[in-house]
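Per-entry structural report
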2 protein chains.
Amino acid sequence: MLPGAPVGCAAYLVTAMTITHDLAGFLQTHVVASGATLEEIEKDFSDSQVPEQPTFVSDYASFLKDTLVAQSVHTASPGFIGHMTSAMPYFMLPLARILIALNQNTVKVETSKAFTPLERQVLAILHRLIYGFDDPFYSRFIHDSRSALGVFCSGGTVANITALWLARNQLCAPDGEFGGIANEGMFKALKHLNCEGLAILVSKRAHYSLAKTADVLGLGRDNLVLVDTDDNNRVDMRSLRNACSRVENENKRVLALVGIAGTTETGTVDPLEEMADLAQEIGCHFHVDAAWGGPTLFSDTNRWRMRGIERADSVTFDAHKQLYVPMGVGMVLFKDPQAVSAIEHHAAYILRPGSKDLGTHTLEGSRPGKAMLVHAGLNIIGRRGYELLIDQGIERAQQFADMVKAHPDFELITAPELNILTYRYNPAWLQHKMSTARPAMVEEINRHLDDIVVAVQKAQRAAGKTFVSRTSLAPARYKGQKINVFRVVLANPLTTHAILEEVLKEQQEHVSRLRALIVPLRELAARA
Amino acid sequence: MLPGAPVGCAAYLVTAMTITHDLAGFLQTHVVASGATLEEIEKDFSDSQVPEQPTFVSDYASFLKDTLVAQSVHTASPGFIGHMTSAMPYFMLPLARILIALNQNTVKVETSKAFTPLERQVLAILHRLIYGFDDPFYSRFIHDSRSALGVFCSGGTVANITALWLARNQLCAPDGEFGGIANEGMFKALKHLNCEGLAILVSKRAHYSLAKTADVLGLGRDNLVLVDTDDNNRVDMRSLRNACSRVENENKRVLALVGIAGTTETGTVDPLEEMADLAQEIGCHFHVDAAWGGPTLFSDTNRWRMRGIERADSVTFDAHKQLYVPMGVGMVLFKDPQAVSAIEHHAAYILRPGSKDLGTHTLEGSRPGKAMLVHAGLNIIGRRGYELLIDQGIERAQQFADMVKAHPDFELITAPELNILTYRYNPAWLQHKMSTARPAMVEEINRHLDDIVVAVQKAQRAAGKTFVSRTSLAPARYKGQKINVFRVVLANPLTTHAILEEVLKEQQEHVSRLRALIVPLRELAARA
């Protein structure tokens, strides 16, 4: 699209060190700069009075450097592999500065002008990436104010809420005497549908935002049905089908099936094609939460993992994750560009019917023009660049999984499908013992291992050199017992093999200091 | 709080020219740089293919400068007085750069550390500004993870949704067998309450986000009851009381009364004390939408206008409006710090019960640490600085109202209470005729004037030198007939008396070019 030279995308990524160089050089080697506890830091932020007098900017800047910047988290560090953060491409910073200086408000054309077609173009590009319709389709809809290929929002949670809000309003659309749920509310909608509830069905690995969605939209969290997964953390289709029947037997309607393309905890992808078949059979909305995995579509090598996503009625896609844009940018794409009429709103002073104002169909009101940063990423990095980033992340995760498997002290819990994996401390000799121990003994050992995982994760976080997160999973191998695991996300292209080795080495060292936990574990194992 | 010198806040505000100097110098004199239509601009953003190859940053930067920056809106221009935008204090730009480089995610402490206590402090300061509890109260709650004095979000719309989500969940809390609306949904909640709907009552001047709120939360827009206002655009208490009775007669419950502290279109403040009395009498939630007017509390001279706000259960407060922070920062404050338990959510990998993670009670998930910019404004500008800005805006609006009244061509429609006013083209001689004309003739003249207001506003916007917005109101003086008006917001401290004179002069010139509209109007008036 823009005259571009075929430059490898790695060239566009500078070290995280450069990005924070002028901010806090000491963050270069540490994920957090010092061992101050949250309680200590709170003391610097404990005055509740409005500051009466102005402060010199220079004084404030020093205060900020010492108390805030120095005590922030180096999310761009290549050793910070516990959450969905990464180093940013270097061009994002100067571009974000322009964005802030322009301070556009994309709710309406009058305060954003060119940002309006730019945002619509970005949505069209990602829509095409997912759905792949033809040129005439995009020519017709890209700038058509009576429709929308998607909406921008502040992140995946609002994207999920927006998608299911739309699905809810479509299912309970105006019909004869009934004015639609948007006008008459949930109570009358269910009376009209002659049922007692609307359910969203999704695997147990669903992001917690879906529970929030069920709450906010008036469905109730009990009507978010969390379905069992298979051994690979993908929704179990038989359980899903049974759950659908149960919902109908309870005189409820299935509002939507939600497929996950990259679960938050394990990075797995649901069987989207089979889910699409089932949704079609039932006649319900099919939403795919691709907040994490969506950009896998950029990769010729790995795109197949998303198969079936093109059959979704709506797709959540986060830009501040694997599009490497700064925090606070999400999107939801709609297969049917006219679906947004279900959530359209107007006002007298803006958003008049027929206007091109983007605010007519967003959940949020005033919004910054962050689509510009997504546009920049798409152009400067290009499909080939994102492909490289995605492929490398998946390869790196596979390498780390191999390292964990080969390591005498660790047990791989979930192998990576994309670039997320989980593992825990569990030395080979103990794994061997557990394989023949009585179930009660296995359970007890697991409880001990849980404590060690928590202690190691906290010690590692406090030491501030590297960081992994933790969660709890219930793998089939332990008959569904919930166990604590380390969770690793490999999306930072600066994370090297050496750093991954360092992570394991550091964990090993932390374990060796946990005598109070290790000794009883050894005694227990001796009895196994 | 910080060692601050008593420097006048005006010193902190540099001209909008400086802010955009290195971006697009040509925007200095024009609100928009060129007369390109949206349709023309769309051509630059019409490729829906993912760019295959990377682009050089320098090439992309040129593209951006020519097609986006040059075609954006100069929202910081002192002649851009049509929407709630302003020039930013100069220190916001370098601080925002730090914020973006740090790229914290305030959903959890692990990705934000010091940003967590900082955000809680900002909420405490604004809570104290509104509610004014004592030191022990704030010492107890400021950093108490089991409670929250408020939540940050992307803007006023999400703030309003959050406040009424909380109100809804409190009204329909778990009770005996009933598990609460958060778990069981709206249908069972209303069965439990033995009623057929929940209503939100607010004046006709309500922001459109409240209709969205009623839709999203499952209440239905029909249950947003828009109550008549008095001649000053404040909610009419008698009508409000009658509306409450009607709601109850329809076997519905009043979920909340919403008072507006600074309406979007006219800047008026509802009688908050009387509304608080009524809410107390009914036993319903009292929410105040102070997205615009909240910062009036900083002013010793004008604080009285907000009287009664301290009795609200929740208050919406936007930072990207009159706290002069870049786009995308809102808040809702809760009088009762423990109220947030009604909207609490947890997950296994973060937000564990008892954690200090801010994401346990936000509608959004991942969020940037924008509280930092509010913190900066509060410290660097200080209460005295914000006071100056607020007072000047109110004075300037009064001056502009006087200019409109004194002008032979214009009619003031709503006098400013804060810093927003509306007026229209209606020359003195015509006003005089209308005062004695038959009602049908007045109506017809108004329709002609409507066309002129629209044409002038569009011509002024297209010329790109100055900008006012427009809306429609139904003033008592025209017996409730809806008429089009110019709407002016005076929040930019750089807007001078000379610029305001220029706005009227330019409008006069645009009118003089509208022969096709003016000639029939004169003919019509001659028959009056």
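Counting of residues starts from 1 at the beginning of each chain's written sequence and follows it residue by residue. Following the order in which they are written, the chains are lettered starting with A and the ligands numbered starting with 1. Only residues with pLDDT of at least 70 get local features here, since the model is predicted, and only at 80 or more are side-chain atom pairs given and counted; chain-wide, interface and lining totals rely on the full set of residues.

**A look at the overall build of chain A**
Definition in use: In this description a helix means any DSSP run of H or I spanning at least four residues, a strand means any run of E spanning at least two, and both kinds are numbered starting from the N terminus. Field definition: a residue is buried when 20 or more other C-beta atoms are found within 10 Å of its C-beta, exposed when 12 or fewer are, and partly exposed for counts in between, with C-beta atoms placed from the backbone. Residues are treated as contacting if the C-beta atoms built from their backbones sit within 7 Å of each other.
Each helix and strand in chain A was counted, giving 17 helices and 11 strands. Taking the principal axes of its C-alpha atoms as reference, chain A extends roughly 75 × 65 × 55 Å. Within chain A, buried positions represent 59% of all 528 residues. Sequence-distant contacts, at least 24 apart, represent 72% of the contacts inside chain A between residues at least 6 apart.

**Some details on unusual backbone geometry**
Phi is positive for Lys113 of chain A, which is not a glycine, with a value near 35°. Here Lys113 of chain A shows up in the loop between α4 (92-102) and α5 (115-131). We classify Lys113 of chain A as buried; it has 25 C-beta atoms within 10 Å. Positive phi outside glycine occurs at Asn103 of chain B, with the angle close to 45°. Considering the arrangement of structural elements, one finds Asn103 of chain B in the loop between α4 (92-102) and α5 (115-131).

**Considering helix α12 (residues 371-380) of chain A**
Most of α12 of chain A is tucked away: 10 of the 10 residues are buried. Buried within α12 of chain A are the following residues: Ala371, Met372, Leu373, Val374, His375, Ala376, Gly377, Leu378, Asn379 and Ile380 of chain A. On its buried face, α12 of chain A is in contact with α4, α5, β1 (150-153) and α13 (382-406) of chain A together with α3 (57-67) of chain B. Just past α12 of chain A, the residue Gly382 of chain A takes up positive phi, approximately 75°.

**Quick look at the sheet that holds strand β9 (residues 420-425) of chain A**
All names here are of chain A. This is how the line gets drawn: One requirement defines pairing of two strands: DSSP has to find at least two bridges between them. A fitted line through C-alpha atoms serves as each axis, taken over the contacting stretch for helices, and the angle formed by two N-to-C directions is quoted from 0 to 180°.
Reading across from one edge, β8-β9-β11-β10 is the order of the 4 strands in this open sheet, with antiparallel pairing throughout. Of all strands in the sheet, those bounded by a partner on one side alone are β8 (410-414) and β10 (469-473). For this sheet, the mean inter-axis angle between neighbouring strands, taken without regard to orientation, is 40°. As judged from the 5 bridges shared by β10 and strand β11 (residues 483-489), these two strands associate in the antiparallel manner. Directly across from Ser469, in β11, lies its bridge partner Arg487. Along the sheet, α13 makes contact with β8, β9 and β11, crossing β9 at roughly 15°.

**Let's talk about the domain arrangement of chain A**
Residue and element names in this part refer to chain A. We apply this condition: For every domain, the bounds stem from an assignment made automatically or drawn from a database. Three categories are distinguished: nonpolar for Ala, Val, Leu, Ile, Met, Phe, Trp, Tyr, Cys and Pro, charged for Asp, Glu, Lys and Arg, and polar for the others, with Gly belonging to the last.
Split by domain assignment, chain A resolves into domain 1 (121-380) and domain 2 (385-526). Computed from C-alpha coordinates alone, the two centres of domain 1 and domain 2 are separated by 33 Å. Contacts between the two partners involve 18 residues from domain 1, matched on the other side by 17 residues from domain 2. Partitioning the side of domain 1 that touches domain 2 into residue classes produces 3 nonpolar, 11 polar and 4 charged.

**A short note on the relation of the copies chain A and chain B**
This is how it is decided: Copy-to-copy superposition: least squares on the C-alpha atoms, limited to residues that have pLDDT of at least 70 in both copies.
It takes a turn of 180° to lay chain A on chain B, together with a shift of 0.0 Å along the axis; the resulting RMSD is 0.0 Å. What the rotation and shift describe, once combined, is the action of a two-fold rotation axis.

**Description of the confidence of the model for chain A**
Spelled out, the test is: Looking at any residue, its pLDDT shows the predictor's confidence there, from 0 to 100.
Residues with a pLDDT of 70 or more make up 93% of chain A, whose mean pLDDT is 92. Note on residues 1-27 of chain A: pLDDT under 50 across the span, and 71 contacts to partners over four residues away in sequence or across chains.

**Brief notes about the packing of helix α15 (residues 439-463) of chain B against helix α16 (residues 497-512) of chain B**
Residues and elements named next belong to chain B. Threshold: The hand of a helix crossing depends on one turn: near helix anticlockwise from the far one by less than a right angle means left-handed, and clockwise means right-handed.
At their nearest, the axes of α15 and α16 sit 9 Å apart, and the two run at 115° to each other. Between α15 and α16 lies a crossing whose hand is right-handed. Here α15 contributes Ile452, Val456, Ala459 and Gln460 to the contact with α16, which in turn contributes Glu506, Gln507, His510 and Val511. Within the contact of α15 with α16, the residues separate by chemical class into 4 nonpolar, 3 polar and 1 charged.

**Let's talk about the interface of chain A and chain B**
A common measure of how large an interface is: the accessible area buried when the components associate. Each partner contributes to the interface: chain A provides 135 residues, whereas chain B provides 134 residues. Among the elements that take part in the side of chain A that touches chain B, α5 of chain A stands out by supplying 9 residues, more than any other. Each residue belonging to the side of chain A that touches chain B can be placed in one class, and the counts come to 67 nonpolar, 46 polar and 22 charged.

**Digging into the pairing of β1 of chain A**
Residues and elements named next belong to chain A. The side-chain alternation of β1 yields two buried faces, one formed by Gly150 and Phe152 and the other by Val151 and Cys153. One ladder, built from 4 bridges, connects β1 with strand β7 (residues 330-334); its direction is antiparallel. For Val151, the partnering residue across the bridge sits in β7 and is Val332.

**What to know about the sheet that holds β7 of chain A**
Residues and elements named next belong to chain A. Taken together, the 7 strands give an open sheet; going across it, the order is β1-β7-β6-β5-β4-β2-β3, and neighbouring strands pair in mixed fashion. Strands with a single pairing partner mark the edges of an open sheet, and in this sheet they are β1 and β3 (224-227). Each strand of the sheet is rotated relative to its neighbour by a mean of 20°, with strand direction disregarded. Summarising the sheet, strand β4 (residues 253-260) and strand β5 (residues 285-289) pair through 5 bridges and their orientation is parallel. Paired with Val258 across the two strands is His287, which belongs to β5. Where helix α11 (residues 272-282) meets the sheet, its contacts fall on β4 and β5, and the angle it forms with β4 comes to roughly 170°.

**Here we look at the environment of Ser341 of chain B**
Residue and element names in this part refer to chain B. Take Ser341: it is sitting in the loop between β7 (330-334) and α12 (371-380). Taking the C-beta count within 10 Å as the criterion, Ser341 has 17 such neighbours and is therefore assigned partly exposed. Linking Ser341 and Val519, residues 178 residues apart in sequence, is a C-alpha distance of 64 Å.

**Structural notes on the pairing of strand β3 (residues 224-227) of chain B**
In this sheet, β3 of chain B lies alongside strand β2 (residues 198-203) of chain B in parallel orientation, the contact comprising 4 bridges. By the bridge assignment for β3 of chain B, Val202 of chain B is matched with Leu226 of chain B.

**A short note on the environment of Ala159 of chain A**
Residue and element names in this part refer to chain A. Structurally, Ala159 is set in helix α7 (residues 156-171). When the 30 C-beta atoms within 10 Å are taken as the criterion, Ala159 is described as buried. Residues Ala159 and Gly82, 77 residues apart in the sequence, show an inter-C-alpha distance of 23 Å. Discounting residues that sit within four places of it in the chain, Ala159 has contacts with Cys153, Ala291, Thr316, Gly330, Met331 and Val332.

**Topic: α5 of chain B**
The condition that has to hold: Each residue after the first adds 1.5 Å to the expected span of a helix.
Between the first and last C-alpha of α5 of chain B there are 24 Å, a value that for 17 residues agrees with the 24 Å anticipated at 1.5 Å per step. Among the 17 residues in α5 of chain B, 16 count as buried, and that is most of the element.

**Details of the packing of helix α8 (residues 181-193) of chain A against helix α8 (residues 181-193) of chain B**
How two helices sit against one another is set out by the angle between their axes and by the gap between those axes. This is how it is decided: Oblique is the label for every angle not falling under 35 degrees (roughly parallel), over 145 degrees (roughly antiparallel), or within 65 to 115 degrees (roughly perpendicular).
Relative to each other, α8 of chain A and α8 of chain B sit at 90°, their axes nearing to 9 Å. Here α8 of chain B runs roughly perpendicular to α8 of chain A, going by the angle between their axes. Only Met186, Phe187 and Leu190 of chain B of α8 of chain B make contact with α8 of chain A, whose side of the interface consists of Met186, Phe187 and Leu190 of chain A.

**Let's talk about the nonpolar core**
Among soluble globular proteins, nonpolar side chains are generally buried collectively. In plain terms, the rule: By definition, a nonpolar core groups buried Ala, Val, Leu, Ile, Met, Phe, Trp, Tyr and Cys residues that are joined through C-beta atoms within 7 Å.
By size, the foremost hydrophobic cluster in this structure holds 302 residues, and its most contacted members are Ile200, Leu201 and Met331 of chain A together with Ile200, Leu201 and Met331 of chain B. Leaving out residues up to four positions away in the same chain, Leu201 of chain A has contacts with Val225, Val227, Leu240, Ala243, Cys244, Val254 and Leu257 of chain A. By size, the runner-up hydrophobic cluster in this structure holds 14 residues, among which are Ile181 and Ala189 of chain A together with Cys172 and Ala189 of chain B.

**Some thoughts on the environment of Gly369 of chain B**
Residues and elements named next belong to chain B. By the secondary structure assignment, Gly369 is in the loop between β7 and α12. Each C-alpha atom, one on Gly369 and one on Leu490, is 29 Å from the other, the two residues being 121 residues apart in sequence. What Gly369 contacts, discounting residues up to four positions off in sequence, is Leu99, Gln104, Thr106, Ser112 and Phe115.

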